[in-house]
Amino acid sequence: MTGHIKYGILIMSVMALLSPAFSYAADLKCDVIRCALDNPQRSESDRELDKNRKPEEIVAFFGIKPGMTVLDMFAGGGYYTEILSGVVGPTGKVIAQNNPAYISYTKDALAQKLSVPGRMGNVVPLNVEVADLDLKDNSLDAVFLILSFHDFYHVAENWPAIDSRMLLAKFKKALKPGGVLAVVDHVAPAGTPSTSGETLHRIDPAIAKREITAAGFTFDGETDILRNPDDDGLKPMWEEAIRGRTDRFVYRFVK
């Protein structure tokens, strides 16, 4: 009997250490993605973004499940970092990478989320330039590259040029066999050169598919859930008339 009591105390102690997001999902016994989105700790501003980003469908499409290890590349303010944290749960991990340029843009948005005790305890922040990114081989189940593939072709004083082949090779080595490279980005019209990553902050989906498959990934599917035919793709993605509602492609690649 004493052994059972001690075991029960141990279980309760472990549950007490879990973040509210994890206990929230466990208490409701709901779908993990839905619970991650409904977690009351999420900000109203992030919830507002859900309408056009459709994270429930996106996370499901990329097959993210409890226990996975996910790299959220160019995590910014942590919109997807927090959702992924809730989905992978206490047995999983999210690595949130940002470089100085992203941090200067999003300020301390992610740091504030991480500073709340227990809110995102399975998240590891990784603030490094792309060239210094060091990932263990076969350690990741997925890499999220959300609205940032076009930045591979961005050039600026505070943005060191990215060697796209080198970075994609790093992703491939770090992903486990069958691991997913999740790509969502703003659409540039077919035939638009890669310089649109600099001028429009968009990219022709054909360039993404060509470059990523050339790096050894297999194209595994797409969804039109974020397509918007009312966006002509010739305006920068930040213009007020289309900001947040751009035509976006969603591609899944596997190692």
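Model, not experiment: these values are computed from the prediction.

**Observations concerning unusual backbone geometry**
One can expect most non-glycine residues to show negative phi and most peptide bonds to be in trans.
Alright, step 1. Its identity is not glycine, yet Asn138 carries a phi of approximately 55°, on the positive side.
Alright, step 2. The class for Asn138 is partly exposed, based on a relative accessible area of 41%.
Alright, step 3. With a phi angle near 55°, Leu147 is a residue other than glycine that sits in the positive phi range.

**Thoughts on the packing of helix 4 (residues 44–53) against helix 6 (residues 79–88)**
The description of two packed helices rests on the angle between their axes and on the distance between the axes.
Alright, step 1. Interaxial distance between helix 4 and helix 6 falls to 11 Å at its minimum, and their mutual angle equals 90°. Here helix 4 is positioned roughly perpendicular relative to helix 6, judged by the angle of their axes. Residue-level contacts link Asp46, Leu49, Asp50 and Arg53 of helix 4 to Tyr79, Tyr80 and Glu82 of helix 6.
Alright, step 2. Among the residues making up the contact of helix 4 with helix 6, the classes are represented as 3 nonpolar, no polar and 4 charged.

**Digging into the packing of aromatic side chains**
Alright, step 1. Applying the stated rule across the entire model yields 13 aromatic pairs.
Alright, step 2. Summarising the aromatic geometry, the rings of Tyr102 and Trp159 are spaced 5.8 Å apart at their centres and angled 45° between planes, so their arrangement reads as tilted. In this pair, Tyr102 is assigned in helix 7 (residues 100–106) and Trp159 in the loop between strand 4 (140–146) and helix 9 (164–174), connecting sequence segments 57 residues apart. For the pair Tyr102 and Trp159, one class covers both residues: buried.

**A word on the side chain of Thr81**
Alright, step 1. Along the polypeptide, Thr81 turns up in helix 6.
Alright, step 2. Not counting residues within four places of it along the chain, the set of residues in contact with Thr81 comprises Asp72, Ala75, Val94, Ala96, Leu110, Met120 and Val123.

**Focus: the pattern of salt bridges**
Alright, step 1. Applying the stated rule across the entire model yields 13 salt bridges.
Alright, step 2. A salt bridge links Arg34 to Asp38; the shortest N-O distance between them is 2.9 Å. Placement of the pair is Arg34 and Asp38 together in helix 3 (residues 32–38), with a separation of 4 residues, close to one helical turn.
Alright, step 3. With a shortest N-O distance of 3.3 Å, Asp141 and Lys176 are connected by a salt bridge.

**Description of the environment of Asn228**
Alright, step 1. Looking at the secondary structure, you find Asn228 in the loop between strand 6 (218–223) and strand 7 (248–254).
Alright, step 2. Residues Asn228 and Asp247, spaced 19 residues apart in sequence, show a C-alpha to C-alpha distance of 4.4 Å.
Alright, step 3. Ignoring any residue separated from it by four or fewer positions in sequence, one finds Asn228 in contact with Ile242, Arg245, Thr246 and Asp247.
Alright, step 4. Polar side-chain contacts of Asn228 include one of 3.0 Å to the backbone nitrogen of Asp230.
Alright, step 5. Of note is the side chain of Asn228, whose polar atom sits 2.7 Å from the backbone oxygen of Arg245.

Each value, and the rule that gives it
Residues numbered from 1 in each chain as written. Predicted model: local features only at pLDDT ≥ 70, side-chain atom pairs only at ≥ 80, totals over all residues. Heavy atoms only, no water. Buried < 20%, exposed > 50% of the residue type's maximum accessible area, 1.4 Å probe, protein only. Axes fitted to C-alpha atoms, helices over the stretch in contact; angles between N-to-C directions. Helix = DSSP H or I, 4+ residues; strand = E, 2+ residues; numbered from the N terminus. Parallel < 35°, antiparallel > 145°, perpendicular 65-115°, else oblique. Contact = heavy atoms within 4.5 Å. Nonpolar A, V, L, I, M, F, W, Y, C, P; charged D, E, K, R; others polar. Phe/Tyr/Trp six-rings, centres within 6.5 Å; stacked < 30°, edge-to-face > 60°. Salt bridge = Lys/Arg side-chain N within 4 Å of Asp/Glu carboxyl O. Polar contact = N/O pair within 3.5 Å; in protein donor to acceptor, adjacent residues only side chain to side chain.

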